[in-house]
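Summary of the model geometry
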Amino acid sequence: MNNYKGILKRREIQDRAILKTAKYVLKVESDAVAALAKRLGVDFPKTVHAFSGEGIERLVVTGMGKSGLIGQKIAATMSSIGLSAVYMHAAEAIHGDLGLISQNDTIIALSNSGETDEIIKLLPTLKRLNCILIAITGNLKSTLATRSDFVLDVSVKEEVGGNGLIPTASTTAMVAMGDALTVAYLELHGFTDEVFALNHPGGSLGRKMLTT
């Protein structure tokens, strides 16, 4: 009986520690997102306008690793509202998929460090094709930032867990910035249920649109 009580006591202590950690993570990440609003500058509206600039054929989002996964999410969200957005894996791009990019496309490149080797190798081709390059990065002095047309700052004070080595707050900031761009574009150009329904006929959202 005493052993059972001891086990319950240890579990209670562990659970308190788990909740404390979770609250800390959520606090750090929410603070990181809140800080983005204070740093938004002129490049943000310019980026939104670039999505629909004259002669723009397509929006290509690229990244590597965790940033690449977030890039897929951003491209998918933008596609659902009618933007001609696609995701291009940066490593695959330098091994043949660069054929996806056409002259005058708009490119969103995600890299927290701004020095991701695979993305840096794309830059000469993007320049040759006269693409508009938008950087979403945590390093404003990086190669990517200094060679981009517009730069969106997603730097964070700290990552949480793994001695700061695991992308956590920085990836959350990237997702939030992508959502901000998408919704700002909607506010500028208007949102219609019909367009969303056409691009999202499946699942519960599709069923809801078809019955309203």
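Notes on the structure in this doc start here. Keep in mind the model is a prediction, meaning the values are calculated, not measured. (Residues numbered from 1 in each chain as written. Predicted model: local features only at pLDDT ≥ 70, side-chain atom pairs only at ≥ 80, totals over all residues. Heavy atoms only, no water.)

**Quick notes on the packing of helix H2 (residues 43-50) against helix H8 (residues 169-189)**
Relative orientation of the contacting elements H2 and H8 amounts to 65 degrees, with a least axis distance of 10 Å. The hand of the H2/H8 crossing is right-handed. The segment H2 lies against H8, with Phe44, Thr47, Val48 and His49 engaging Met177, Ala180, Leu181, Ala184, Tyr185 and Leu188. Broken down by class, the residue content of the contact of H2 with H8 amounts to eight nonpolar, two polar and no charged. (Axes fitted to C-alpha atoms, helices over the stretch in contact; angles between N-to-C directions. Helix = DSSP H or I, 4+ residues; strand = E, 2+ residues; numbered from the N terminus. Left-handed = near helix turned anticlockwise from the far one by under 90°. Contact = heavy atoms within 4.5 Å. Nonpolar A, V, L, I, M, F, W, Y, C, P; charged D, E, K, R; others polar.)

**Details of the layout of surface pockets**
For the largest pocket, the calculated volume is near 200 Å³. Along its surface, the largest pocket is lined by Tyr24, Lys27, Val28, Asp31, Ala32, Ala35, Arg39, Ser155, Val156, Lys157 and Glu158. (1 Å grid on protein atoms, 1.4 Å probe; cavity = no way out; pocket = protein on both sides within 12 Å on 5 of 7 lines; lining within 4 Å. Points joined across faces, edges and corners; volume = space filled by probe spheres on them.)

**Let's talk about the environment of Gly178**
For Gly178, the location among the structural elements is in helix H8. Along the chain, Gly178 and Ala75 lie 103 residues apart, while their C-alpha atoms are 8.8 Å from each other. Those residues in contact with Gly178 that lie beyond four places of it in its chain are Ile74 and Met78.

**Side note on the pattern of salt bridges**
This model, assessed by the stated rule, comprises six salt bridges. Ionic pairing is found between Arg16 and Glu12, a salt bridge with its closest N-O pair at 2.9 Å. With a gap of four residues between them, Arg16 and Glu12 both fall in helix H1 (residues 2-39), about one helical turn apart. A relative accessible area of 47% places Arg16 in the partly exposed class. For Asp153, the salt bridge identified is with Arg39, shortest N-O distance 2.9 Å. Pair noted here: Asp153 is in strand S5 (residues 150-153) and Arg39 is in helix H1, with a separation of 114 residues, a long-range link. Residue Arg39 is classed as partly exposed on the basis of its relative accessible area, which comes to 33%. (Salt bridge = Lys/Arg side-chain N within 4 Å of Asp/Glu carboxyl O. Buried < 20%, exposed > 50% of the residue type's maximum accessible area, 1.4 Å probe, protein only.)

**A word on unusual backbone geometry**
Located in the positive-phi region is Asn104, a residue other than glycine, with phi close to 75 degrees. Relative to the helices and strands, Asn104 resides in the loop between helix H4 (90-93) and strand S3 (106-111).

**Section: the side chain of Ser111**
Structurally, Ser111 can be placed in strand S3. In terms of polar contacts, Ser111 uses its side chain to reach the side chain of Thr116, at 2.7 Å. (Polar contact = N/O pair within 3.5 Å; in protein donor to acceptor, adjacent residues only side chain to side chain.)

**With respect to the pairing of strand S1 (residues 59-63)**
Burial runs high along S1: five of the five residues are buried. As paired elements, S1 and strand S2 (residues 85-89) share five bridges and run parallel to each other. By the bridge assignment for S2, Val60 is matched with Val86. Of the pairings in the sheet, the one linking S1 to S3 comprises five bridges and is parallel in character. Bridged to Leu59 within S3 is Thr106. (Pairing = 2+ DSSP bridges.)

**Describing helix H3 (residues 65-80)**
Here H3 spans 23 Å end to end across 16 residues, near enough to the 22 Å set by a 1.5 Å rise per residue. For H3, the set of buried residues is Ser67, Gly68, Ile70, Gly71, Ile74, Ala75, Met78 and Ser80. Two residues or fewer after H3 comes Gly82, characterised by a positive phi angle close to 105 degrees. (Expected span 1.5 Å × (residues − 1).)

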